[in-house]
Amino acid sequence: MKDKLNIKSSIAHKDNVLPPGQRNLFLIVSFVEGAAVMIIELLGAKIVAPFYGTSMYVWASVLGVTLIALSSGYFIGGSVSNKYKDKSPLFVVLAVGAILTIIAPRIAPTIMMATTDFGVRIGSLISVSIYLLPPIFCMGMVSPIIIQLINQSQENAGQTAGTIYAISTVGGILATFLAGFVLIPELGIQTTATFTGLVLIIISAIGMLSRKQKTQAALTFGLFVLFVPFVYSKPTSDPAITIQYQSSGILGEWTVVDHKGFARDGRQVNTRQLLLNGVDQTFTNVGIQPFSVWRYPHKVTALAGIKPAKSKALLLGMGGGSIAYNLIKLGFELDIVELDERIPFIAEQWFGYDPTSSNLIIDDARHYIRNTAQKYDVVILDIVNGEVQPSHMFTQEGLKELKTALNDDALVIVNFQGQLDTDDPTLSRAPRSVIKTFESIGYKMFAVRNESKSISADLLIYGTPGTLNIKEALSQNLRYNELLSNDHFSAADYAPITGYELGDVDVLTDDKPNLELLNTPTVLNWRKNKIEYTVNGLIKKGVPIY
C-alpha cells in the first residue's frame, strides 16, 4: 500500500513539473519585472522633478510610494496565485503594468496641475501615488505568481522564492545603470517609458501564446489599442514659446526655452532661459547671450573684481556661462567645475559660451577640491540643483577641504538663497548655519542685504580665509565698472548685514548635513513660485515640461 502511494505521489509530482521552456520563460519574466520596477521608479522621480523639484520631500514621496506599491503587489499577487493557479493572470498583469508605464508620463502633468493647491509635500505625494503606484503595484504582483507557477509542489518552495527574487534583483541592478546612464539621458522620459512598456507587452504576448490564453491575449490587445493615443499624442505649443533643447541629466531635466515678447517701450525682445527642473539657472536676451539680464551675476563678478587681472579663479557651477563670461572679461584665469556633462554643450550651443576661454572640469565640486593641487585667489560657489543647495559642499569638512585649495588672501563668494535680515529666526537658520560653519574653521564671512523681500531671493555671502582686506578693496573703484557697462557697483552694494545671531544654530558637518532641512521655508517658497510659472507659463500653453 505504501509503495502504491509513493508511486502515485511520484506521478503527481512529475505531472506538476514545468517543461524547461516554461520555467525559463518565467525566469525571464522575473528578470524583466525587476528591471521594469527600477526603471519605473527612476522615471517617477524624473517625471515629478520639473514640477515639484528634487527636495527630500519629493524623494520621500517617490520612495515611499514605491515601497507601498511593491508590498501591496506582493500581498495581492500571493492571493491571486493561490486562487487561480493554472489559469494564472500573470501575463495580463504584466501587460496592464506595461500600459500603465507607457501612459504615466503622459498623464502626470495633468495630475500635478490638479494637486498644486496642496503644496510640495502633499501635492507630490498625491501625484506620485496616482501615476507611479499602479504600474509598480502590477510589477509587485508578478513575483508571487511566478513562484506559484514554478513551484507546483511544496518541496522546493524556499529555493524557488530565493531564485525568483535574486533574478528580479539582478534585473533591477542592471536596469538602474542602463536607465540612469543611457536610456533616460539619451532617449528622454517619455521614450524610455514607451520602450519599457513595449518590452513588457512583448514578453506578455509571448507568454500568453505559449500558454494558449487566447481570451487574455485579446483583452490585452484591446487595452493596448485603447491607450495607443497616449503613446503618440503631441502637445501643441504657443508660437511665442520655443523649446530649443530638453534633456534629462544627472541633476534632472534641463530645458532651454525662448520667449518672444515686448519690452515696456514697445521693442520686441526674445529672452532665453535655462531651466533645471523648472527653476531658472540662466536668463539672457537672444543676441547678447551669455550676458545675463539678472543683476546677481554682475554683482558677484563685480565683487570678484577686487582681485587683479590674471588672478586664478575657480567657479563651482556653470549654468549657461553668464558668470564665467564676466570673469573672463575681467581677465581671470578661470577653472570651472560642473557636475553635469550636458552643461558645456548647452552653454556653447545656446548661450554663446566659448569653450576655449577657460579650463572646464566635469566633476563633483567637492571631489575636485579635495584632489586638486591648484591654489586659487577667488572661488565662487554658485551651485544648486534646482532649488536645493548641495549640503555636502557647506559642511565643516567640505569647507576645510576648500580652504586647502585657497591662497591666504583669497576671496570666497557664495550665491545662496534666503533671508538673513528677518524678524523670523526660522527663515534665516540655513544662511546663519552656513556662515557659522565657515567661521568655525577660521573664515571671516559677511552677508549682503537682499534686494528683494522674497524669502527665496538671492543672498550674497562673501569672505576670506585669511589676510584679504575686503573693506579696503571695496573702497576703490571696482574694475567691473570700467570693463562691463551693464551696471555700476560700489562698496555700498556690499555693505554687510549686522545684528544677526549665530548662537542658536549648529555647525554643519558630514555627520549632520542638515542644510536642506534648515532651508525648508526657502525651498518650498521657491518651488511654489516656480510651479506657478510651470503651470501658467508652460503647461497651460501646451509646452512639454519634459
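Along each chain, residues carry numbers from 1 onward, in the same order as the chain's sequence is written. Confidence filtering applies because this is a predicted model: local features only for residues at pLDDT of at least 70, side-chain atom pairs given and counted only at 80 or more, and all residues used for totals across whole chains, interfaces and linings. As a rule here, side-chain values cover all heavy atoms of the structure and leave hydrogens and water aside.

**What about the pattern of salt bridges?**
Salt bridges are identified by distance alone: a Lys or Arg side-chain nitrogen within 4 Å of an Asp or Glu carboxyl oxygen. Applying the stated criterion across every chain, the model contains 12 salt bridges. Asp280 is paired through a salt bridge with Lys530; the nearest N and O atoms lie 2.5 Å apart. In this pair, Asp280 is assigned in strand β4 (residues 279-285) and Lys530 in helix α19 (residues 520-538), connecting sequence segments 250 residues apart. Exposure class is identical for Asp280 and Lys530. Each is buried. Of the charged contacts, one joins Asp493 and Arg295 as a salt bridge, the two residues approaching to 3.4 Å between their closest N and O atoms. Within this pair, whereas Asp493 is found in the loop between α17 (479-483) and α18 (515-518), its partner Arg295 is found in the loop between β4 and α10 (296-304), the two being separated by 198 residues in sequence. Buried, partly exposed and exposed residues are distinguished by accessible area as a fraction of the type maximum, computed with a 1.4 Å probe on protein chains only: under 20%, between the cut-offs, and over 50%, respectively. For Arg295, a relative accessible area of 26% translates into the label partly exposed. In this text, helices come from DSSP runs of H or I with a minimum length of four residues, and strands from runs of E with a minimum of two, each type numbered from the N-terminal end.

**With respect to the sheet that holds strand β3 (residues 268-276)**
Here, strands pair whenever DSSP counts at least two bridges between them. Strand order in this open sheet of four strands is β1-β2-β3-β4, and the pairing throughout is antiparallel. Two strands close off the open sheet at either side, each with one partner strand: β1 (241-249) and β4. Sheet twist, expressed as the average angle between the axes of neighbouring strands with direction ignored, equals 15°. Only heavy atoms enter the contact rule, under which two residues are in contact if any of them lie within 4.5 Å. Whenever a helix is involved, its axis is fitted only over the stretch in contact; in every case the axis is a line through C-alpha atoms, and angles between N-to-C directions fall within 0 to 180 degrees. Across the face of the sheet, helix α12 (residues 342-351) comes into contact with β1, β2 (252-262), β3 and β4 while running at roughly 165° to β1.

**Description of α12**
Burial analysis of α12 places seven of its 10 residues in the buried class, the great majority of the element. Buried residues of α12: Arg342, Ile343, Pro344, Ile346, Ala347, Trp350 and Phe351, and no others. Looking one or two places after α12, you find Gly352, whose phi comes out positive at around 70°.

**Here's the deal with unusual backbone geometry**
The residue after Gln289, namely Pro290, is reached through a cis peptide bond having omega 10°. Residue placement: Pro290 occurs in the loop between β4 and α10. In the Ramachandran plot, Asn277 falls in the positive-phi region, its phi being about 55° despite a non-glycine side chain. Despite not being glycine, Lys310 has its phi angle at roughly 75°, a positive value. Within the fold, Lys310 resides in the loop between α10 and β5 (312-316). Accessibility expressed as a relative area gives 63% for Lys310, which makes it exposed.

**A few points about the packing of helix α3 (residues 56-84) against helix α5 (residues 119-131)**
Following both chains from N to C, one finds α3 and α5 inclined at 30°, their axes separated by 9 Å at the closest point. By the criterion of interaxial angle, the relationship of α3 to α5 is roughly parallel. In this structure, α3 crosses over α5, and the sense of that crossing is right-handed. Within the contact between the two elements, α3 uses Tyr57, Val58, Ser61, Val62 and Val65 and α5 uses Val120, Arg121, Ser124, Leu125, Val128 and Ser129. Roughly parallel here means an angle under 35 degrees, roughly antiparallel means over 145, roughly perpendicular means 65 to 115, and every remaining angle is called oblique. It is the rotation of the near helix from the far one that decides the hand of a crossing: anticlockwise by less than a right angle makes it left-handed, clockwise makes it right-handed.

**Let's talk about a nonpolar patch on the surface**
A surface patch of nonpolar side chains, amounting to about 740 Å² of accessible area, comprises Phe31, Val170, Ile173, Leu174, Phe177, Leu178, Phe181 and Val182. For Phe177, the location among the structural elements is in helix α7 (residues 157-187). Exposure above 30% relative accessible area and the absence of a salt bridge qualify a residue for a patch, where like charges join within 9 Å and nonpolar side chains (Val, Leu, Ile, Met, Phe, Trp, Tyr) within 5 Å. Areas reported as accessible are Shrake-Rupley estimates using a 1.4 Å probe. Residue values count occlusion only from the protein chains shown.

**What about the UniProt feature "active site" (unreviewed entry) in the chain?**
This chain's UniProt record puts "active site" (unreviewed entry) on Asp382. For Asp382, the location among the structural elements is in the loop between β8 (376-381) and α14 (396-404). Aside from chain neighbours lying at most four places away, what touches Asp382 is Tyr296, Leu315, Leu316, Gly317, Ile323 and Asn415. Counting of polar contacts relies on pairs of N or O atoms within 3.5 Å, with two restrictions inside protein: one atom must be capable of donating a hydrogen and the other of accepting it, and residues adjacent in sequence are counted only when both atoms are side-chain atoms. Within polar-contact distance, the side chain of Asp382 engages the side chain of Tyr296 at 3.2 Å. UniProt positions are given in the numbering used here, feature names are shortened, and annotations may be inferred rather than shown by experiment.

**Observations regarding the packing of α5 against helix α6 (residues 133-150)**
It is the contact of α5 with α6, at a shortest axis distance of 4 Å, that shows an interaxial angle of 50°. In terms of orientation, α5 and α6 fall into the oblique class. Where α5 abuts α6, its residues Val128, Ser129, Ile130 and Tyr131 lie against Leu133, Pro134 and Pro135. All residues other than Ala, Val, Leu, Ile, Met, Phe, Trp, Tyr, Cys, Pro, Asp, Glu, Lys and Arg, Gly among them, are scored as polar; the first ten of these are nonpolar and the last four charged. Of the residues assigned to the contact of α5 with α6, the class counts are six nonpolar, one polar and no charged.

**Comments concerning the packing of aromatic side chains**
Only Phe, Tyr and Trp rings take part, Trp by its six-membered ring, and two of them pair if their centres are within 6.5 Å. Stacked means planes under 30 degrees apart, edge-to-face means over 60, and tilted covers everything else. Applying the stated criterion across every chain yields a total of 13 aromatic pairs. On the numbers, 5.9 Å between centres and 35° between planes, the contact of Phe283 with Trp294 is tilted. Placement of the pair is Phe283 in strand β4 and Trp294 in the loop between β4 and α10, with a sequence separation of 11 residues. Looking at Trp294, the relative accessible area reads 25%, which means it is partly exposed. Among the aromatic residues, those joined into a cluster by ring pairs are Phe283, Trp294 and Tyr296. Each ring is checked for a lysine NZ or an arginine CZ that lies within 6 Å of its centre and within 35 degrees of its normal; such an atom marks a charge sitting over the ring. A cation sits over an aromatic face here: Lys403 above Tyr443, 5.7 Å from the ring centre. Here Arg479 stacks its cationic end above the ring of Phe332, 5.5 Å away from the centre of that ring.

**Considerations on the sheet that holds β8**
Strands sit in the order β7-β6-β5-β8-β9-β11-β10 across an open sheet of seven strands; the sheet is mixed. The open sheet has two edge strands, β7 (359-362) and β10 (444-447), and neither has a second partner. The mean inter-strand angle of the sheet, taken between neighbouring strand axes irrespective of direction, is 15°. Examined bridge by bridge, β8 and strand β9 (residues 406-417) share five bridges and lie parallel to one another. Pairing of Val378 across the sheet is with Leu411, part of β9. The strands touched by helix α15 (residues 429-440) are β9, β10 and β11 (458-464); relative to β9, the strand with the most contacts, the crossing angle is about 170°.

**Let's talk about α5**
A helix is expected to span 1.5 Å for every residue after the first. Here α5 spans 18 Å end to end across 13 residues, near enough to the 18 Å set by a 1.5 Å rise per residue. Taken residue by residue, α5 has Val120, Gly123, Ser124, Ser127, Val128 and Tyr131 as its buried positions. Buried residues of α5, viewed axially, fall in a sector of 125°; they line one side. Against the buried residues of α5 lie α2 (20-52), α3, α4 (90-114), α6 and α19. It is the directions from the helix axis to the C-beta atoms that the arc portrays.

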